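# Observations on the three-dimensional arrangement
If you want the building blocks of each chain, they are given just below.
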Amino acid sequence: MKALVALGLSALALGGSTPGVSSSTITLGSSGPLTGEAAAAAGVLRGADAYFKYVNSRGGVNGRKIDFKYLDDGYDPSRTVQNVRQLIQQDNVFALFSVVGTNGNLAIRDFANASGVPTVFSASGATTFGRDYAKYPLTIGYLPPYAEEGELYAKHILVTNAKKAKVAILYQSDDYGKDLLSGFRKGLGAKARTTIVQTVGYDPTASDVQSQVAQLKASGANTFCIFAFGKFAIQAFQYANKLGWKPQIYVNDVASASSIMQIDPQTTAEGSISILWGKDPATPKFKDDAGVKLAAKIIKKYVPGGNPSDGFLVAGMAEAFSMVDALKASGKNLTRKGLMSAVTHMNEANNPFLVPGVKVHTTPTFRFPISSVQLQRWHKGHWVPFGGVVSAKP
């Protein structure tokens, strides 16, 4: 009997009682659009996977290697649910990490929490993932909160063009787009009624937004907010160009990667404003940056055919760096409770893939890991950061 008890204690010390943890591995799972119209965001998962492989090559985390399983959902929340059920029930993952997209994360939140599986550092900035922790204690996002992003754009307009700005807004008609829109309205305050001349939502399952852009142009707006993702953001630029519309454009973070912006008609894209929190390797300012150079080295070795200028890859590495920090802080006796304690006590100021001055900070009652950003302006085919790092706290 003593031998059996000793054996059981030994297994517990090695993490044998925790799903997804063995004496030598930690299994993490994720889901995202590896194919389809939002496939550019697959770079987030591939970048994270590459960073984990880099860490594994250097001994792993507390003696364990990270096994990262990520599945394709084509940006379809119903497929995200199927994938997560497989990851939890069949692959027995320790935790879900960097699940891509607001709607996919919303679709899995109840099930993952009921299953006792942490969903950490999700690739979404939906305010609910940081705000509603009392109801969903095992869920936490990573990106700057969308509502605060929208508020920052509004405040920039008030500072630079408060009297003349007439704003038209294209937004995805779901929690993601509405989050940005509500934050933008809040940022304008009493001036929202007179400044916003038109808002038009679009269904993320639609084929295009041509009619919406035409409607927004017809409003007489001289400022255009593109709160859209993937092909819809690209179409917004293209249709504005086709219509000969030359407004001041604000484009939300998830559609601002240089790889996307360079596709847009440059005469229309010129002067667009967005935010940044992670280092975009295509930005000249970061050309000789140590973190960008490290990312390029990792991409070359672990992402076959990967483009070292792909900002999505570097964003994924930023998230993975924070995940590794959390796993290290969780200790050798790795448990899900220990992981959640670590991710809600983050104070990371050394992430090499984040813009200088941007920290990863959380507490049990403040669950917005990235809560500061910098503004940037598109100029001659690349982003130019301007101003200092500012707060994006809810």
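Structural data are supplied above this passage.
Residues numbered from 1 in each chain as written. Predicted model: local features only at pLDDT ≥ 70, side-chain atom pairs only at ≥ 80, totals over all residues. Heavy atoms only, no water.

### Points about the packing of helix α13 (residues 290–302) against helix α14 (residues 311–330)
Where α13 meets α14, the closest approach of the two axes is 11 Å, and the angle between their N-to-C directions is 100°. Our classification of the angle between α13 and α14 gives roughly perpendicular. Contact residues: α13 offers Ala295, Ile298 and Ile299, while α14 offers Leu313, Val314 and Met317. Each residue belonging to the contact of α13 with α14 can be placed in one class, and the counts come to six nonpolar, no polar and no charged. (Axes fitted to C-alpha atoms, helices over the stretch in contact; angles between N-to-C directions. Helix = DSSP H or I, 4+ residues; strand = E, 2+ residues; numbered from the N terminus. Parallel < 35°, antiparallel > 145°, perpendicular 65-115°, else oblique. Contact = heavy atoms within 4.5 Å. Nonpolar A, V, L, I, M, F, W, Y, C, P; charged D, E, K, R; others polar.)

### A short note on the nonpolar core
Grouped together as the largest cluster of nonpolar side chains are 93 residues, with contacts concentrated most on Tyr51, Phe52, Phe184 and Trp277. In terms of residues, this core owes the most to one element, α14, which gives 12 residues. Excluding residues that lie within four positions of it along the chain, Trp277 makes contacts with Tyr142, Leu143, Pro144, Asp253, Ala315, Ala318, Leu354, Val355, Val358, Ile370, Ser372 and Val373. Counting residues in hydrophobic clusters, the runner-up holds 25 residues, among them Leu170, Leu216, Val251 and Trp383. (Core = buried A, V, L, I, M, F, W, Y, C linked by side-chain atoms within 4.5 Å. Buried < 20%, exposed > 50% of the residue type's maximum accessible area, 1.4 Å probe, protein only.)

### Some words on a positive patch on the surface
Where like charges cluster on the molecular surface, the positive patch consists of Arg58, Lys297, Lys301 and Lys328. Of note, Lys328 is situated in helix α14. Here Lys328 falls in the partly exposed class, since its relative accessible area comes to 46%. (Patch = residues over 30% accessible without salt bridge, like charges linked within 9 Å, V, L, I, M, F, W, Y side chains within 5 Å. Areas by Shrake-Rupley, 256 points an atom, 1.4 Å probe, with all protein chains shown as cover. Salt bridge = Lys/Arg side-chain N within 4 Å of Asp/Glu carboxyl O. Lys, Arg positive; Asp, Glu negative; His and termini not counted. Charge placed at Lys NZ, Arg CZ, Asp CG, Glu CD.)

### A short note on the sheet that holds strand β2 (residues 65–72)
On the basis of which strands lie adjacent, the open sheet formed by five strands has the order β2-β1-β3-β4-β5 and parallel pairing. The open sheet terminates on both sides in strands that have one partner only, identified here as β2 and β5 (139–141). This sheet shows a mean twist of 20° between the axes of neighbouring strands, independent of strand direction. In this structure, strand β1 (residues 25–32) lies alongside β2, joined through eight bridges in parallel fashion. (Pairing = 2+ DSSP bridges.)

### A word on the side chain of Thr128
Locating Thr128 in the fold gives a position in helix α5 (residues 128–131). A residue is classified by how much of its surface remains accessible, and Thr128, at 12% relative accessible area, is buried. One polar contact links Thr128 to Asp132, side chain to side chain, over a distance of 2.5 Å. In contact with Thr128, other than residues within four places in its own chain, are Leu106 and Arg109. (Polar contact = N/O pair within 3.5 Å; in protein donor to acceptor, adjacent residues only side chain to side chain.)

### So, unusual backbone geometry
In this model, Asn62 sits at a positive phi of 50°, which is unusual for a non-glycine residue. Checked against the element boundaries, Asn62 lands in the loop between α2 (42–57) and β2. Exposure remark for Asn62: the relative accessible area of 31% places this residue in the partly exposed category. In this model, Ser98 sits at a positive phi of 55°, which is unusual for a non-glycine residue. Within the secondary structure, Ser98 sits in the loop between β3 (95–97) and α4 (102–114). Overall, the relative accessible area of 0% leaves Ser98 in the buried class.

### Quick look at the pairing of strand β6 (residues 167–172)
With six of six residues buried, β6 is to be regarded as a mostly interior element. The alternating pattern of β6 places Val167, Ile169 and Tyr171 and Ala168, Leu170 and Gln172 on opposite faces, both of which are buried. One ladder, built from six bridges, connects β6 with strand β7 (residues 196–202); its direction is parallel. Note that in β7 the partner of Val167 across the bridge is Ile196. Here β6 pairs with strand β8 (residues 223–227) via five bridges, running parallel. Residue pairing in the sheet places Ala168 in a bridge with Phe224 of β8.

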